[in-house]
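Listed below are the residues making up each chain.
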Amino acid sequence: MPPTPCSLCRTARALVKRPKTGQQVCKDCFFEVFETEVHNTIVEGKGIFERGERVAIGASGGKDSTVLAHVLSVLNKRYDYGLDLFLLSIDEGITGYRDDSLETVKQNQVEYGLPLKILSYNELYGWTMDKIVEQVGRRNNCTFCGVFRRQALDRGAAQLGVDHIVTGHNADDIAETVLMNIMRGDIARLGRCTAVTTRSEDTIKRSKPFKYAYEKEIVMYAYFKKLTYFSTECIYSPDAYRGHARVFLKDLEAIRPSAIVDIIHSGESFQLEQSVQKGMKAMQTCLRCGYISSNDLCKACALLEGLEAGLDRSALRQKQDNSSAAPTGHRTIPMFERYSNVGVSQPTEGIEKAVQAIEIR
Amino acid sequence: MSCGDIPDGLTTTEEQGEALMPRKKKVQRVDKSLCQKCKESKSMYIIRNVTYCKTCFEVSVFTRFTRTLHPILKTEAAGVRDKEGKKARIALNQGGTRPNPTNGSVVVGLSGGASSMTLLDLLVDKEYIGKGDDKVIDRTKGEKQPVWNKGYIVHVDFSDLIEDTHTSSPDRSEVLKQWIEGKENGLVWIGLKAHDVYDANLTNKIRRIAGLPETQEDASSGLKVDLKNPDLPLFPIPSSSSSTPTPLAQLRTILATLPPASRPSFLSSILDSLIGTAAEIIPSVSHVLLGETSTRQAQRLISGTALGKGYTLPLELAVTNKPMCNAKYTILKPMKEITIKEVAIYTHLKGLNGVVRNDRKWDYSGPISKKDSRGKDHTRSLESLTEQFIASLGVTHPATVSTINRTGDKLTFTGEKEKGVSCPVCQMPVDPNALEWKSRTALTALPEKTQTDHERNGTNAELDEKDSLATMLCYACLTTFTPPTVVSKAVKQETTPVRLPLWVEQNLRRRKEVDRDGMRDEIKDFLIGEE
């Protein structure tokens, strides 16, 4: 049987089948089409980035953030975005998972020459995920981790003095989120989860350049480019509600590969009724830590108070005691300063920057 | 692990153990053998932890039916303009008194499944549909004023398309027709076949049944589409072409060309089109009633999301929907608050089990190859996968269906329904830039590297290519018709373009005419004299 030619260049021999389109392509064309799609996502409309922007890449050491660091570095040079890139990593304190993946992030720092900053739950909140799961159990632990991580990323970014955070959320993640939000009735999130860039007043912009990139293609890219990443799933995740949506999504993809982007397209088209939009709470700042919040206390402070008092599920309730002072003896989250002095907390410099500093011009 | 809620003053672990309350709210102790509504009769059914006797169950189903149906009819009668009908439902009497007569007829879509049978049973038993004989109602004898003068029952049979030898799906039209005629309510039976969408005599067939004179059929030329080409080019068929395959053969051909995952979506468009055609031809039809339950609606929301229908889902899910193209009728779904389990119990209660059969089996339509059954448990379509998923999720999370429906109710359609362009296949508004979005998010060609087939071969298309269907379809229909990149052998054998169903051809023709009128409007100030 003669070898199939690549569907894109028609010259080289096809070596891979694209999960997204089913086309049979050669390696070089695969890299090019993957990178071009990400570039299109970045420059579409007015573009995600502005020239000279300081951008922090949320790096976990997993495949998405490793490939993101690689692709962004490549595209930044190729298309001259003019961005100042940093790596920002969060240590949730999960033994046997996060400690290993952080080593991968340190390798990424060396490989791409990007400055790295690591922020840990322990230093910020006084709790690790291991301790939280011990107290809370495995059913709602993802809520704690998600809320704490969001704040930790913003705080780390503020300390680095960056204007923009990018995360490796891929098309599968976003499609799962759309389905999950419909099934759980989370209207507020449904309205925002498909936006490529999200921004509230006075928070740092967050973008998802991999919005249309399939998880399988990210793995394929990392595999063929021989990128190193830490490949295990979080040890606490299996019982989460998201698992239902994930299994369903995989089954949908098996029947029709384009189902993932079709779900994202539907999510982008959803519009909420005016009365629902007006009913949503306005943003204010947390009375305790100064972070953005829809109530008097932000969710992180509420959860932390719950943990400190030994109340697990009650902390997940909507209503809170609206006292701005924490009970005595409880740890609290330090005050959030959106624009900190940049010189205060220097990230660990990457080799490239160090070299540039001593380069004789 | 601490569970919290420890009252003040209790410190010892023993007391804490006693103070620990179970998280689940305790159900009040009730006697489950007695109906919780009337508290007299023996309970027969438990639904959402409430026990019902037969009578109270029927009342509960009917109450929810009227709570959905009455406010809409009353709003229309009062002439109050409210797009979504929500305010009307709240402001006006919920259920309560019967709405005034509409002075029109009603078309009821009857699949033969539990929910459409329940719908029809309620309409007839509670005398919503008159016999069309202008009889004067005597209220003193307990007779009720019908809301609609006459009822037409439209049933579309798909059994000829089911090719899987392992499943049987016989034509049940006769069984259902006898049941309808046995009701002796003057209901008119309109039994159609799926392949009637290729039958040029369809209009006259319906006119004959409705007692209208037949009209001269317009023998205009048809249109073929090449489903193997992602651009979906259209080719005209000369009206003088000699051999015309039968409507069934034409439908089977197009089904064979479509991938199995796309077939249920296409069949659904056929069903909607046939019911819509019947409603337009039959005189003075004011409403079309469909028996969509809350479970089916939740499935539709999730599967619609997976199909890319997000733009038009709010219209599809609305309890009242006026189709585009200035239709005279409104589509209503009065069973929206009733679950599939309840309609199953209702049909059992009413002794309809012999007539009811819930097996659409669209998954098994058209030729199937072994490679096609890739889905979980051999599901071949997104719709059936969604059904299974919601059913299984409902076991561990019982509020799933109601939560999904509540989410769907909060979505709104923001496009311009009256002025916007409609998709020739599903006749819903077209999402802006569907084709451009698709090509941007999934590149199938690299600008400098990939040549088109024409450039490579150095030839131009030999056939007289006129238009591209892909530019006119909504996102969901575009996804339905887009050929998969890996094509099965059965499809590879179909080399020629396939004929489009007649309703699609008509819509495409109408679109061209509108375009021409639109062009004329633009330049009318500069025209000197008539053409």
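Since this is a predicted model, take the numbers as computed values, not measurements. (Residues numbered from 1 in each chain as written. Chains lettered and ligands numbered in written order. Predicted model: local features only at pLDDT ≥ 70, side-chain atom pairs only at ≥ 80, totals over all residues. Heavy atoms only, no water.)

Undergrad: Is there a simple way to explain the overall build of chain A in this structure?
TA: A count of helical and extended segments in chain A gives 14 helices and 10 strands. Expressed as a percentage of the 361 residues in chain A, the buried residues total 56%. Contacts in chain A between residues far apart in sequence, at least 24 positions, make up 72% of those at least 6 positions apart. A total accessible area of about 16,000 Å² is found for chain A, and carbon and sulfur atoms account for 50% of it. (Helix = DSSP H or I, 4+ residues; strand = E, 2+ residues; numbered from the N terminus. Buried < 20%, exposed > 50% of the residue type's maximum accessible area, 1.4 Å probe, protein only. Contact = heavy atoms within 4.5 Å. Areas by Shrake-Rupley, 256 points an atom, 1.4 Å probe, with all protein chains shown as cover.)

Undergrad: Sorry, what's going on with the sheet that holds strand E11 (residues 498-499) of chain B here?
TA: One key point about sheets: their strands pair by backbone hydrogen bonds, in either a parallel or an antiparallel sense. The three strands are arranged E7-E6-E11 (chain B) in an open sheet whose pairing can be described as antiparallel. Either end of the sheet is taken by a strand with one partner, and the two such strands are strand E7 (234-237) and E11 of chain B. (Pairing = 2+ DSSP bridges.)

Undergrad: Looking at this structure, I do not really get the packing of aromatic side chains. What am I missing?
TA: Evaluation of the coordinates by the stated rule reveals 23 aromatic pairs over all chains. Plain terms: the ring middles of A:Phe30 and A:Phe31 are 6.1 Å apart, the flat faces sit at 50 degrees to each other, and that makes the pair tilted. On the basis of relative accessible area, A:Phe30 is assigned to the buried category, the value being 0%. Both rings, one in A:Tyr223 and one in A:Phe224, keep their centres 5.2 Å apart while their planes meet at 70 degrees; by these two values the pair is edge-to-face. Since its relative accessible area comes to 22%, A:Phe224 is described here as partly exposed. By way of ring pairs, the aromatic residues A:Phe30, A:Phe31, A:Phe34, A:Phe210 and A:Tyr221 are connected into one cluster. Its guanidinium or amino end placed over the ring of A:Phe31, A:Lys225 lies 4.3 Å from that ring's centre, counting from NZ or CZ. Here B:Lys126 stacks its cationic end above the ring of B:Phe62, 4.8 Å away from the centre of that ring. (Phe/Tyr/Trp six-rings, centres within 6.5 Å; stacked < 30°, edge-to-face > 60°. Lys NZ or Arg CZ within 6 Å of the ring centre and 35° of its normal.)

Undergrad: Any chance you could explain the sheet that holds strand E4 (residues 151-157) of chain B here in plain terms?
TA: Residue and element names in this part refer to chain B. Strands sit in the order E5-E4-E3-E8-E10-E9 across an open sheet of six strands; the sheet is mixed. Here the strands that pair on one side only, and so sit at the sheet edges, are strand E5 (188-193) and strand E9 (320-321). Relative to strand E10 (residues 330-332), E9 is paired through two bridges, and the arrangement is antiparallel. When the sheet's bridge partners are listed, Asn321 is paired in E10 with Ile331. Against the sheet, helix H4 (residues 114-125) engages strand E3 (105-109), E4 and strand E8 (285-289), with an angle of about 155 degrees to E3. (Axes fitted to C-alpha atoms, helices over the stretch in contact; angles between N-to-C directions.)

Undergrad: What is the right way to look at the interface of chain A and chain B in this model?
TA: Where interface size is given, it is often the accessible area lost as the parts come together that is meant. Contact residues are listed per partner, giving 56 residues for chain A and 59 residues for chain B. Roughly 5,000 Å² of surface becomes buried between chain A and chain B when both sides are summed, with 63% attributable to carbon and sulfur atoms. Applying the counting criterion to the chain A and chain B interface returns two salt bridges. Where B:Lys438 meets A:Asp262, a salt bridge forms, and the shortest distance between an N and an O atom there is 3.9 Å. Mapped onto the side of chain A that touches chain B, the elements with two or more residues apiece are helix H1 (27-43), helix H5 (129-136), helix H7 (171-184), helix H8 (187-192), helix H10 (242-255) and helix H11 (259-269) of chain A. Top element by residues in the side of chain A that touches chain B is H11(A). It accounts for eight residues. (Buried area = accessible area lost by both parts, 1.4 Å probe. Salt bridge = Lys/Arg side-chain N within 4 Å of Asp/Glu carboxyl O.)

Undergrad: Sorry, what's going on with the UniProt feature "domain: Cytoplasmic tRNA 2-thiolation protein 1 C-terminal" (unreviewed entry) in chain A here?
TA: Those places that UniProt annotates as "domain: Cytoplasmic tRNA 2-thiolation protein 1 C-terminal" (unreviewed entry) correspond, in this numbering, to residues 284-310 of chain A. Secondary structure content for residues 284-310 of chain A is 41% helix and 15% strand, while the C-alpha to C-alpha distance between its ends is 27 Å. (UniProt positions renumbered as here; feature names shortened; annotations may be inferred.)

Undergrad: What's the story with the side chain of A:Lys20 in this structure? I'm lost.
TA: Residue position: A:Lys20 is located in the loop between strand E1 (16-17) and strand E2 (24-25). Relative accessible area serves as the criterion here: at 5%, A:Lys20 is assigned to the buried category. Within the structure, the side chain of A:Lys20 is placed 2.5 Å from the backbone oxygen of B:Thr441, a separation counted as a polar contact. Residues contacting A:Lys20, with those up to four places away along its chain left out, are A:Glu37, A:Tyr212, A:Tyr214, A:Glu217, A:Pro257, A:Val261, B:Thr441 and B:Ala442. (Polar contact = N/O pair within 3.5 Å; in protein donor to acceptor, adjacent residues only side chain to side chain.)

Undergrad: What should I look at first to understand a negative patch on the surface in this one?
TA: Residue and element names in this part refer to chain B. A cluster of acidic residues, Glu513, Asp517, Asp521 and Glu522, forms a negative patch on the protein surface. Here Glu513 is to be found in helix H18 (residues 502-523). Its relative accessible area of 48% is what places Glu513 among the partly exposed residues. (Patch = residues over 30% accessible without salt bridge, like charges linked within 9 Å, V, L, I, M, F, W, Y side chains within 5 Å. Lys, Arg positive; Asp, Glu negative; His and termini not counted. Charge placed at Lys NZ, Arg CZ, Asp CG, Glu CD.)

Undergrad: Looking at this model, I keep getting lost on the confidence of the model for chain A. Mind explaining?
TA: Regions with low pLDDT carry predicted coordinates that are not meant to be interpreted in detail. All names here are of chain A. For chain A, the average pLDDT comes to 82, and 84% of its residues sit at 70 or higher. Segment residues 341-346 is flagged for pLDDT under 50; beyond a separation of four residues in sequence, or across chains, it makes five contacts in the model. Here residues 349-361 is modelled with pLDDT under 50, and outside its nearest four sequence neighbours on either side it reaches 16 contacts, counting other chains as well. (pLDDT = per-residue confidence, 0-100.)

Undergrad: Explain the domain arrangement of chain B to me, please; I cannot follow it from the model alone.
TA: All names here are of chain B. Assigned domains within chain B: domain 1 (31-78 + 90-99) and domain 2 (101-222 + 243-423). Every contact between the two is made by 21 residues of domain 1 and, on the other side, 31 residues of domain 2. Where domain 1 abuts domain 2, roughly 2,300 Å² becomes buried across the two surfaces, and 67% of that area is made up of carbon and sulfur atoms. Considering only the side of domain 1, the residues that lose the most area to domain 2 are Glu58, Phe65 and Arg98, jointly responsible for 28% of the buried surface there. Taken together, the links from domain 1 to domain 2 amount to three salt bridges. Here Glu342 makes a salt bridge to Arg64, at a shortest N to O gap of 2.9 Å. Viewed at the interface, domain 2 and domain 1 are joined by seven residue pairs in polar contact (both at pLDDT 80 or more). Of all the elements in the fold, those that place two or more residues in the side of domain 1 that touches domain 2 are strand E1 (45-47) and helix H2 (54-78). Here the side of domain 1 that touches domain 2 gets 15 residues from one element, more than from any other, and that element is H2. Looking at the side of domain 1 that touches domain 2 residue by residue, the class counts come to 11 nonpolar, three polar and seven charged. (Domains from an automatic or database assignment. Nonpolar A, V, L, I, M, F, W, Y, C, P; charged D, E, K, R; others polar.)

Undergrad: Looking at this model, I keep getting lost on the pairing of E8(B). Mind explaining?
TA: Regular strands have side chains that alternate between both faces of the sheet. Residues and elements named next belong to chain B. Within E8, five of the five residues are buried, leaving the element largely enclosed by the surrounding structure. Bridge count between E3 and E8: four bridges; the pairing is parallel. Within E8, the position partnered with Val106 by the bridge is His287. As paired strands, E8 and E10 are joined by three bridges and run parallel to one another. Bridged to Val288 within E10 is Ile331.

Undergrad: Sorry if this is basic, but what is going on with the pattern of salt bridges here?
TA: Should the charged atoms of two oppositely charged side chains come close, the side chains can pair. Residues and elements named next belong to chain A. Going through the model one piece at a time under the given rule, you end up with 39 salt bridges over all chains. Measuring nitrogen to oxygen at the nearest pair gives 3.2 Å for the salt bridge that ties Arg206 to Asp154. Placement of the pair is Arg206 in strand E8 (residues 205-207) and Asp154 in helix H6 (residues 141-160), with a sequence separation of 52 residues. A relative accessible area of 11% means that Arg206 is categorised as buried. In this structure, Lys250 and Asp172 form a salt bridge, with 2.7 Å as the shortest nitrogen-oxygen distance. In this pair, Lys250 is assigned in helix H10 and Asp172 in helix H7, connecting sequence segments 78 residues apart. Take Lys250: its relative accessible area is 29%, and that puts it in the partly exposed class.

Undergrad: Would you take a moment to explain the packing of helix H9 (residues 294-307) of chain B against helix H12 (residues 382-396) of chain B for this structure?
TA: Helix packing for two helices is described by the angle between their axes and how far apart those axes are. Residues and elements named next belong to chain B. With their axes 9 Å apart at the nearest point, H9 and H12 run at an angle of 130 degrees to one another. By the angle between their axes, H9 is oblique relative to H12. Here the hand of the crossing between H9 and H12 comes out right-handed. Of the residues in H12, those touching H9 at Arg296, Ala298, Gln299, Ile302, Ser303, Ala306 and Leu307 are Leu382, Glu383, Thr386, Glu387 and Ile390. (Parallel < 35°, antiparallel > 145°, perpendicular 65-115°, else oblique. Left-handed = near helix turned anticlockwise from the far one by under 90°.)

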